[in-house]
Amino acid sequence: EAGVVQSPRYKIIEKKQPVAFWCNPISGHNTLYWYRQNLGQGPELLIRYENEEAVDDSQLPKDRFSAERLKGVDSTLKIQPAELGDSAVYLCASSLQGHSYEQYFGPGTRLTVT
Amino acid sequence: GESVGLHLPTLSVQEGDNSIINCAYSNSASDYFIWYKQESGKGPQFIIDIRSNMDKRQGQRVTVLLNKTVKHLSLQIAATQPGDSAVYFCAEKVSGQNFVFGPGTRLSVLP
């Protein structure tokens, strides 16, 4: 079974530029999470989807961040414009609600803003 | 507010010894916890979980202990191997399907 797929794996951009990350969760998983992980820290939740609905986006900086999961499968996370402080690893995870709380993580996208 | 933290940011153990990684949590109402392992360049990987109605749960070479009185969680790894070198996170269920992760402990296994 394929795991959570994320692309790109690495991205370097200049500040004020836009950037987008893509995530394909495990087939059949209805819950999808986006996390940000700063260096030396644990993941911090940005947004959680149940199917195509964003059920928790309280930690998403909505002035510059946006996310979508139009068909309840793949998801994209966008930052526009990027700031130096956005440099981090952006992790996507998925889980099957009602089955277990275990989240399956992708390898992440390492973003560097210069 | 709710927070999950770790007592030690780094831990070095000799190969073959047992490892103990600690975690403190602040929300006494939390009822579920997970330990994750994160290797370099990879996302966190589930190791073991425990519900608050349990004090101990064992897996293959790993044991999680939960002390609700002092709000403390620990992960014990028996006969630590080089492949165990990674960062370990405890995660606390705070609501619904949402978890708060601790800052992590880096485990280094010495030959």
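J.: Could you give an account of the overall build of chain A, with specific residues and numbers?
T.: Within chain A, the secondary structure is distributed over zero helices and eleven strands. Put simply, chain A runs from its N terminus to its C terminus through helices and strands in the order β-β-β-β-β-β-β-β-β-β-β. The C-alpha radius of gyration computed for chain A amounts to 13 Å, which stays within 12% of the reference 13 Å derived for 114 residues, consistent with globular compactness. Summarising its shape, the C-alpha atoms of chain A cover approximately 40 × 25 × 25 Å along the three principal directions. Counting the 114 residues in chain A, one finds 47% classified as buried. In chain A, 53% of the contacts between residues at least 6 apart in sequence involve partners at least 24 apart. A total accessible area of about 5,800 Å² is found for chain A, and carbon and sulfur atoms account for 48% of it. Separation between the mean location of the 12 positive side-chain charges and that of the 14 negative ones in chain A comes to 7 Å.

J.: So, the interface of chain B and chain A: which residues are in play, and what are the values?
T.: Interface size is commonly expressed as the accessible area that is lost once the parts come together. Listed by partner, the interface residues are 19 residues for chain B and 21 residues for chain A. Taken together, the two surfaces of chain B and chain A that pack against each other cover about 1,600 Å², and 51% of this comes from carbon and sulfur. Applying the counting rule to chain B against chain A returns zero salt bridges. Listed by contribution, the elements that provide at least two residues to the side of chain B that touches chain A are strand S4 (32–38), strand S5 (45–51), strand S9 (86–95) and strand S10 (98–101) of chain B. A total of four residues in the side of chain B that touches chain A trace back to one element, the largest contributor, which is S4 of chain B. Across the side of chain B that touches chain A, the residue classes break down as nine nonpolar, seven polar and three charged.

J.: Any details on the nonpolar core? Residues and values, ideally.
T.: Across soluble globular proteins, nonpolar side chains have a tendency to be buried as a group. The biggest cluster of nonpolar side chains holds 21 residues, and the ones touching the most others in it are Phe 21, Trp 34, Leu 77, Ile 79, Tyr 90 and Leu 111 of chain A. Elements with a minimum of two residues in this core: strand S3 (19–24), strand S4 (31–37), strand S5 (44–50), strand S8 (75–79), strand S9 (88–95) and strand S11 (109–113) of chain A. Once residues lying within four places of it in the same chain are set aside, the contact partners of Leu 111 of chain A are Lys 11, Ile 13, Val 19, Phe 21, Ile 79, Asp 86, Ser 87, Ala 88 and Tyr 90 of chain A. In terms of nonpolar packing, the next biggest core, distinct from the first, is built from 20 residues, Val 13, Phe 33, Leu 75 and Ile 77 of chain B among them.

J.: Lay out the state of the cysteines with the relevant residues and their values.
T.: If you walk through the whole model with that rule in mind, you get two disulfides over all chains. Between the sulfur atoms of Cys 23 of chain A and its disulfide partner Cys 92 of chain A the distance amounts to 1.9 Å. As the torsion about the S-S bond is roughly -70 degrees, the Cys 23 of chain A-Cys 92 of chain A disulfide counts as left-handed. Here Cys 23 of chain A, found in strand S3, pairs with Cys 92 of chain A, found in strand S9; they are 69 residues apart in sequence, far enough to count as distant. Cys 92 of chain A carries the same exposure label as Cys 23 of chain A, and that label is buried. The disulfide bridge from Cys 23 of chain B ends at Cys 90 of chain B, spanning 1.8 Å between sulfur atoms. On the sign convention where negative means left-handed, the S-S torsion of about 55 degrees between Cys 23 of chain B and Cys 90 of chain B marks this disulfide as right-handed. Of this pair, Cys 23 of chain B sits in strand S3 (residues 19–25) while Cys 90 of chain B sits in strand S9, and the two are 67 residues apart along the sequence. On the basis of relative accessibility, which here comes to 0%, the residue Cys 90 of chain B falls in the buried class.

J.: How would you explain the packing of aromatic side chains if you had to name every residue and give the values?
T.: For the structure shown, the criterion picks out 14 aromatic pairs over all chains. A ring pair is formed by Phe 65 of chain A and Tyr 90 of chain A, whose centres lie 6.5 Å apart and whose planes are at 40 degrees; its orientation type is tilted. With Phe 65 of chain A in strand S7 (residues 65–68) and Tyr 90 of chain A in strand S9, the pair connects residues that are 25 residues apart, well separated along the chain. An identical accessibility class is assigned to Phe 65 of chain A and Tyr 90 of chain A; each is buried. Ring centres of Tyr 36 of chain B and Phe 46 of chain B lie 6.4 Å apart, and the angle between their planes is 90 degrees; this geometry places the pair in the edge-to-face category.

J.: For unusual backbone geometry, give the residues involved together with the corresponding values.
T.: In the segment running from Ser 7 of chain A into Pro 8 of chain A, the intervening peptide bond is cis, with an omega of -10 degrees. Structurally, Pro 8 of chain A is set in the loop between strand S1 (5–7) and strand S2 (10–13). The backbone of Lys 16 of chain A shows a phi angle near 80 degrees, a positive value even though the residue is not glycine. Secondary-structure assignment places Lys 16 of chain A in the loop between S2 and S3. Positive phi values are uncommon outside glycine, yet Lys 71 of chain B reaches one of about 55 degrees. Within the secondary structure layout, Lys 71 of chain B lies in the loop between strand S7 (62–67) and strand S8 (72–77). The class for Lys 71 of chain B is partly exposed, based on a relative accessible area of 27%.

Criteria and cut-off values
Residues numbered from 1 in each chain as written. Chains lettered and ligands numbered in written order. Predicted model: local features only at pLDDT ≥ 70, side-chain atom pairs only at ≥ 80, totals over all residues. Heavy atoms only, no water. Helix = DSSP H or I, 4+ residues; strand = E, 2+ residues; numbered from the N terminus. Rg over C-alpha atoms; globule rule 2.2 N^0.38 Å. Buried < 20%, exposed > 50% of the residue type's maximum accessible area, 1.4 Å probe, protein only. Contact = heavy atoms within 4.5 Å. Areas by Shrake-Rupley, 256 points an atom, 1.4 Å probe, with all protein chains shown as cover. Lys, Arg positive; Asp, Glu negative; His and termini not counted. Charge placed at Lys NZ, Arg CZ, Asp CG, Glu CD. Buried area = accessible area lost by both parts, 1.4 Å probe. Salt bridge = Lys/Arg side-chain N within 4 Å of Asp/Glu carboxyl O. Nonpolar A, V, L, I, M, F, W, Y, C, P; charged D, E, K, R; others polar. Core = buried A, V, L, I, M, F, W, Y, C linked by side-chain atoms within 4.5 Å. Disulfide = S-S within 2.5 Å. Phe/Tyr/Trp six-rings, centres within 6.5 Å; stacked < 30°, edge-to-face > 60°.

Functional significance is not addressed by these values, which are geometric in nature.
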